[in-house]
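Each chain is listed here by its residues.
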Amino acid sequence: MLKAGLQGLTPNGEKKKARVYTDGFFDFVHFSNAKLLWPAKQYGKKLIVGIHSDDELDNNGILPIFTDEERFRMISAIRWVDEAFEDAPFRPGMSTLNQLDYINHPTTVETARYEEIRGSERAKQYVISEHVTDQEVAGRLMLVTKSHHMETDSILEFKSAVLPFASDPMSNEPVISVSLFKQNFTFAPVVIGKKPKATDRVVYVSGAFDLFHAGHLSFLEAAKELGDYLIVGIVGDDDVNEEKGTIFPVLNLLERTLSVASLRIVDEVFVGVPPVTSVKFINLIKASKIAVYPETHPRRFAGCTQLGIIKEVTPDYDATCEEILERITSRKIASSEDDEIAMFSSVPLNNNQH
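The shown structure was predicted, so the numbers you read here are calculated from the model rather than taken from an experiment. (Residues numbered from 1 in each chain as written. Predicted model: local features only at pLDDT ≥ 70, side-chain atom pairs only at ≥ 80, totals over all residues. Heavy atoms only, no water.)

Engineer: Pulling in residues and values, what's your account of the overall build of the protein chain?
Structural biologist: Each helix and strand counted, the protein chain has 12 helices and 12 strands in total. Of all 354 residues assigned to the protein chain, the portion counted as buried reaches 55%. By sequence separation, contacts in the protein chain at least 24 residues apart represent 73% of the contacts at least 6 residues apart. Of the roughly 15700 Å² that the protein chain leaves accessible, carbon and sulfur atoms contribute 49%. (Helix = DSSP H or I, 4+ residues; strand = E, 2+ residues; numbered from the N terminus. Buried < 20%, exposed > 50% of the residue type's maximum accessible area, 1.4 Å probe, protein only. Contact = heavy atoms within 4.5 Å. Areas by Shrake-Rupley, 256 points an atom, 1.4 Å probe, with all protein chains shown as cover.)

Engineer: Go over the nonpolar core with me, naming the residues and quoting the values.
Structural biologist: For soluble globular proteins, the rule of thumb is that nonpolar side chains tend to be buried together. Ranked by internal contacts, the top residues of the largest apolar core, which has 70 residues, are Val205 and Leu220. Excluding residues that lie within four positions of it along the chain, valine 205 makes contacts with Phe219, Leu220, Ala223, Leu230, Ile231, Val232, Gly233 and Ala291. In terms of nonpolar packing, the next biggest core, distinct from the first, is built from 19 residues, Val202, Tyr229, Phe270 and Val273 among them. (Core = buried A, V, L, I, M, F, W, Y, C linked by side-chain atoms within 4.5 Å.)

Engineer: How would you explain unusual backbone geometry if you had to name every residue and give the values?
Structural biologist: Geometrically, the link from phenylalanine 248 to proline 249 is a cis peptide bond, its omega value of -5 degrees lying close to zero. Checked against the element boundaries, proline 249 lands in the loop between helix H8 (237–244) and helix H9 (253–261).

Engineer: How would you explain the pairing of strand E6 (residues 177–181) if you had to name every residue and give the values?
Structural biologist: With 5 of its 5 residues buried, E6 lies for the most part within the structure. With burial as the criterion, each face of E6 is covered, one bearing Ser177, Ser179 and Phe181 and the other bearing Val178 and Leu180. Taken together, the 4 bridges between E6 and strand E10 (residues 268–273) define a ladder with parallel strand orientation. Considered in E10, the bridge of leucine 180 is made with valine 271. (Pairing = 2+ DSSP bridges.)

Engineer: Run through a negative patch on the surface, naming residues and quoting values.
Structural biologist: On the surface, a cluster of negative charge is contributed by Asp55, Asp58, Glu69, Glu86 and Asp87. Tracing the backbone shows aspartate 58 in helix H2 (residues 54–59). (Patch = residues over 30% accessible without salt bridge, like charges linked within 9 Å, V, L, I, M, F, W, Y side chains within 5 Å. Salt bridge = Lys/Arg side-chain N within 4 Å of Asp/Glu carboxyl O. Lys, Arg positive; Asp, Glu negative; His and termini not counted. Charge placed at Lys NZ, Arg CZ, Asp CG, Glu CD.)

Engineer: Can you lay out the sheet that holds strand E1 (residues 17–24) for me, pointing to particular residues and giving the numbers?
Structural biologist: Strand order in the open sheet formed by 3 strands is E1-E2-E3, and the pairing between neighbours is parallel. This sheet does not close on itself; its edge strands, each paired only once, are E1 and strand E3 (83–86). Between one strand and the next, the sheet's axes are offset by a mean angle of 20 degrees, whatever the strand orientation. Bridging between E1 and strand E2 (residues 44–51) involves 7 bridges; their strand directions are parallel. Residue tyrosine 21 lies in a different strand from E2, and its bridge partner there is isoleucine 48. Across the sheet, helix H1 (residues 30–41) touches E1 and E2, and the angle it forms with E2 is around 140 degrees. Running at roughly 175 degrees to E3, helix H3 (residues 68–76) makes contact with E2 and E3 of the sheet. (Axes fitted to C-alpha atoms, helices over the stretch in contact; angles between N-to-C directions.)

On their own, these measurements won't tell you what the molecule is for.
Below, the structure written as structure tokens:
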């Protein structure tokens, strides 16, 4: 469980520094990357994140699934990331920190590439538990398993997991609301945050948001531009599996909820919504506009066209889960046998490498 420190104090009870710096390549598992960065924010008022370039990773024998542009865009969208920059050095030293002027308490992990700074007072190692790695998710693909799926009602048991993602890490107060949709067309609050004002234009979108990627983010950004308050519905595991079959969704309902809840553009999340949105559902949430993927999932709102509030949007970045899965397959084929063993080997849950 992630636990927020008191406002102005670190988890160790010390005064928070002005700036914290951490880096990585932050590939593939979006909610897990957000979870890795959350405790770093607890050590400073401003969190700066450096992202390694594709070329830098290639020079160090790492084959990312997402491009550096995609990874930068995804990390920049996380609510508790104040600044992100590309082309971060793979082995940062004191000169790197001095040049960037991020001189206060950089948060790092203790590995060989931090050798120059890890003994400094300016370095801080933190450990995170319950960390889901890209290797674990890749293992789900390889084993063709559905054991990670969860019943919709069980999301209520994970309030402790959802709360940090829905909260301001500085004040420790919820800033977005998360609710569980019930079959009797009611909502059970999981986290109570802000609600829309009477004058807000409410935008509702829904989907699986599996293997959260830059295409999802682009769609949500385009949807948010249509109004003032963005509600995102996450379809349950059983419904996604019925539609897509095999092992889908690759990420379960809780994991997909965390990915969406970590975004600063999201105001509210409905968990376990029906795959097809009815007029009754729209009246329940009182949405004044609806955004849908152009041509991709028009059936989700087919029964609502008579309301005159359906709005199709065109994201500025086009990507699909199928494309991401193809990248994973291509990377595996392109790797040598040794690379495959390294890529899919298990990593301890408290390992803090990005």
